[in-house]
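Observations on chain architecture
Each chain is listed here by its residues.
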Amino acid sequence: MVQSYFVLGTDTNVGKTYVASALVQHFVKSGLKVVGMKPIASGCELNSKNELINEDVTALISASNVTASLDLINPYRFVPAIAPHIAAEQAGISMNLDVIKRAYQQLKTLVDVVIVEGAGGLLVPLNPTETLADLAVQLNIPIILVVGMRLGCINHTLLTIEAIEARGLTLAGWVANEIDPNMSMFDGNLSSLQQRIAAPCLSVVSWQGKAKFTLPS
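What comes next concerns the included structure. (Residues numbered from 1 in each chain as written. Predicted model: local features only at pLDDT ≥ 70, side-chain atom pairs only at ≥ 80, totals over all residues. Heavy atoms only, no water.)

Burial analysis of strand β8 (residues 143-149) places seven of its seven residues in the buried class, which makes it a mostly covered element. Here strand β1 (residues 3-9) pairs with β8 via four bridges, running parallel. Bridge pairing links Leu 8 to Leu 145 in β8. Taken together, the seven bridges between β8 and strand β9 (residues 171-178) define a ladder with parallel strand orientation. Within the sheet, the bridge partner assigned to Ile 144 lies in β9 and is Gly 173. (Buried < 20%, exposed > 50% of the residue type's maximum accessible area, 1.4 Å probe, protein only. Helix = DSSP H or I, 4+ residues; strand = E, 2+ residues; numbered from the N terminus. Pairing = 2+ DSSP bridges.)

Even without a glycine there, the phi angle at Asn 13 is positive, about 55 degrees. You can see Asn 13 is positioned in the loop between β1 and α1 (16-28). Phi is positive for Gln 208, close to 60 degrees, though the residue is something other than glycine. Within the element layout of this structure, Gln 208 appears in the segment after β10 (201-205).

When helix α2 (residues 55-63) is considered as a whole, its buried residues turn out to be Val 57, Leu 60 and Ala 63. Looking straight down α2, one finds that the buried residues subtend no more than 125 degrees of arc, so they occupy a single side. Opposite the buried face of α2, at more than 90 degrees from it, the exposed residues are Glu 55 and Ser 62. Tucked inside the fold, the buried residues of α2 contact α1, β2 (34-37), β3 (40-41), β5 (52-53), α3 (70-73) and β7 (113-117). (Arc of directions from axis to C-beta. Contact = heavy atoms within 4.5 Å.)

Before going further, it helps to examine the layout of surface pockets. Where empty space is left becomes clear once a probe the size of a water molecule has been rolled over the atoms. Reported here for the largest pocket is a volume of approximately 580 Å³. Taken together, 24 residues form the lining of the largest pocket, with Thr 12, Asn 13, Lys 16, Lys 38 and Asp 56 sitting closest to its centre. Among the secondary structure elements, those contributing two or more residues to the lining of the largest pocket are α1, β3 and α2. Here the residues of the lining of the largest pocket are counted per class, giving 10 nonpolar, nine polar and five charged. A volume near 240 Å³ is recorded for the second largest pocket. (1 Å grid on protein atoms, 1.4 Å probe; cavity = no way out; pocket = protein on both sides within 12 Å on 5 of 7 lines; lining within 4 Å. Points joined across faces, edges and corners; volume = space filled by probe spheres on them. Nonpolar A, V, L, I, M, F, W, Y, C, P; charged D, E, K, R; others polar.)

The next point concerns the sheet that holds β7. With parallel pairing, the six strands of this open sheet are ordered in space as β2-β7-β1-β8-β9-β10. Of all the strands in the sheet, just β2 and β10 have a single pairing partner and so form its edges. With direction set aside, neighbouring strand axes in the sheet form an average angle of 20 degrees. Here β1 pairs with β7 via five bridges, running parallel. Counterpart to Phe 6 in the pairing with β7 is Val 116. Running at roughly 170 degrees to β2, helix α5 (residues 97-108) makes contact with β1, β2 and β7 of the sheet. (Axes fitted to C-alpha atoms, helices over the stretch in contact; angles between N-to-C directions.)

Helix-helix packing is characterised by the crossing angle of the two axes and by the distance between the axes. At a closest axis distance of 10 Å, the pairing of α5 and helix α6 (residues 132-139) adopts a crossing angle of 40 degrees. In terms of their interaxial angle, α5 and α6 are classed as oblique. When the axes of α5 and α6 are compared, the crossing they make is right-handed. On α6, the residues that touch Leu 97, Asp 98, Ile 100, Lys 101 and Tyr 104 of α5 are Asp 134, Leu 135, Gln 138 and Leu 139. (Parallel < 35°, antiparallel > 145°, perpendicular 65-115°, else oblique. Left-handed = near helix turned anticlockwise from the far one by under 90°.)

See below:
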């Protein structure tokens, strides 16, 4: 049975790639075959193979111990570092959730664990009618929510969890990632979240610290 997790964030720039890569490494250390997947990436550049790739995807590939086609790991790639649906519109592309789902299912045949990293927050648009939440429903795998610990994070987190639960999705756990080293009342905010979230806190990551997970491998 292949394990899969969908790593989502309360916002952009909250450390999804860092946490997703650390999760990949967590399972690799257990002797499992693991691959990281980022279905949609903006801010890509051409590499030496003349392929569009961004640093998030590179980090996931580096953490993985299974080699797979870039088209499976990252089906949709865009040059501008902007909202992905706008980048897609500029490129004349309509992102199709079935394309992503097929790539995910092919990756599953290669490994024991797939770690899928989202783009931005849960309701980021992907095309005129669908959002990242619709992709989460299509994949229907447990979610790990990365909480960017900064002022306003409680509201962002609880709203995101409400949206996850409203869609019948499973929140496997959450990660408190200290993205603001000067955040006032970090412990108080963390405690407030722990009191209000039924799912377990899988890791508390200090500023530029390492992620260690209370998650079975």
